[in-house]
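What follows is the residue order along each chain.
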Amino acid sequence: QVQLVESGGGLVQAGGSLRLSCAASGRTFSSGTAGWFRQAPGKEREFVAGVNEIGDYYVDSVKGRFTISRDNPKKTMYLQMERLMPEDTAVYYCAAAMDARAGVRADNYAYWGQGTQVTVSS
């Protein structure tokens with residue numbers, strides 16, 4: 001069984017930074033796909049960033065501002081968020097898939113964390 005636990009969310013002013021962490025039990029992030037999604041109030045869950053054996057990829061709205069990374073010995077994944085904007089406000093979820101080609105579809109990810117709130121004030 002895989003369990004994912006996010007941390008690092010909070011309240012930050014526009015232009016600020018946050019780093020989210022996702023700790024895994026039961027497996028590492030060295031294989032398959034690991035990703036971050038977010039869900040704002042009244043909106044559908046949205047892909048943010050993913051990483052697999054080939055590399056990392058991002059939704060256009062965060063390219064150049066967010067960076068996904070993983071520390072396999074620590075079984076931890078990160079999302080470094082820079083130059084945050086109010087529209088980045090959402091609950092952020094980490095997710096993991098056994099398939100390295102999970103891509104951007106949420107239903108391709110079998111394992112999910114509980115979510116962490118990120119609020120960006122203007």
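See the structure printed just above.
Residue numbers restart at each chain and count upward from 1, following the sequence in its written direction. Note on the predicted model: pLDDT of at least 70 is required for a residue's local features to be given, and 80 or more for side-chain atom pairs to be given and counted; whole-chain, interface and lining totals, by contrast, use all residues. Side-chain calculation: all heavy atoms of the structure are included, whereas hydrogens and water are not.

Caption draft 1: Structural view of the pattern of salt bridges. Only one rule defines a salt bridge in this text: a Lys or Arg side-chain nitrogen within 4 Å of an Asp or Glu carboxyl oxygen. Following the criterion strictly, the structure yields six salt bridges and no others. Residue Asp60 is joined to Lys63 by a salt bridge in which the shortest nitrogen-to-oxygen separation is 3.0 Å. In this scheme, a residue with accessible area under 20% of its type's maximum is buried, one over 50% is exposed, and one in between is partly exposed, where area comes from a 1.4 Å probe on protein chains only. According to the relative accessible area criterion, Asp60 is exposed, its value standing at 60%. Taking relative accessible area as the criterion, Lys63 reaches 48% and is therefore assigned partly exposed. Shared partners join several salt bridges into a network, and the residues in it are Arg38, Glu46, Arg65 and Asp88.

Caption draft 2: Main features of the state of the cysteines. Any pair of cysteine sulfurs within 2.5 Å is marked as a disulfide. This model, assessed by the stated rule, comprises one disulfide. Each sulfur in the disulfide pair Cys22 and Cys94 lies 2.1 Å from the other. Looking down the S-S bond of the Cys22 and Cys94 bridge, the torsion is 60 degrees, so its handedness is right-handed. Note that Cys22 is positioned in strand β3 (residues 18-25) and Cys94 in strand β9 (residues 90-97), a separation of 72 residues in sequence. What makes Cys22 buried here is its relative accessible area of 0%. Only DSSP runs of H or I with at least four residues qualify as helices, and only runs of E with at least two residues qualify as strands; both kinds are numbered from the N terminus onward.

Caption draft 3: Seen up close, the side chain of Ser21. Tracing the sequence through the fold places Ser21 in strand β3. Ignoring any residue separated from it by four or fewer positions in sequence, one finds Ser21 in contact with Val5, Glu6, Ser7, Trp36, Thr76, Met77 and Tyr78. Note on definitions: a residue-residue contact is assigned when non-hydrogen atoms from the two residues lie within 4.5 Å.

Caption draft 4: Geometry of the packing of aromatic side chains. Aromatic pairs are defined between Phe, Tyr and Trp rings, using the six-membered ring for Trp, whenever the two ring centres lie within 6.5 Å; interplanar angles under 30 degrees are classed as stacked, those over 60 as edge-to-face, and all others as tilted. Scanning the entire structure with this criterion turns up six aromatic pairs. On the numbers, 6.4 Å between centres and 75 degrees between planes, the contact of Tyr93 with Trp112 is edge-to-face. Pair noted here: Tyr93 is in strand β9 and Trp112 is in strand β10 (residues 111-112), with a separation of 19 residues, a long-range link. Owing to a relative accessible area of 13%, Tyr93 belongs among the buried residues under this scheme. An aromatic cluster of at least three residues, connected via ring pairs, comprises Phe37, Phe47, Tyr57, Tyr93, Tyr109 and Trp112. The ring of Tyr93 carries the charged tip of Arg45 above its face, separated from the ring centre by 3.8 Å. A positively charged side chain is recorded as over a ring if its NZ (Lys) or CZ (Arg) lies within 6 Å of the ring centre. The angle to the ring normal must also be within 35 degrees. Just above the ring of Trp112 sits the side chain of Arg45; from NZ or CZ to the centre is 4.8 Å.

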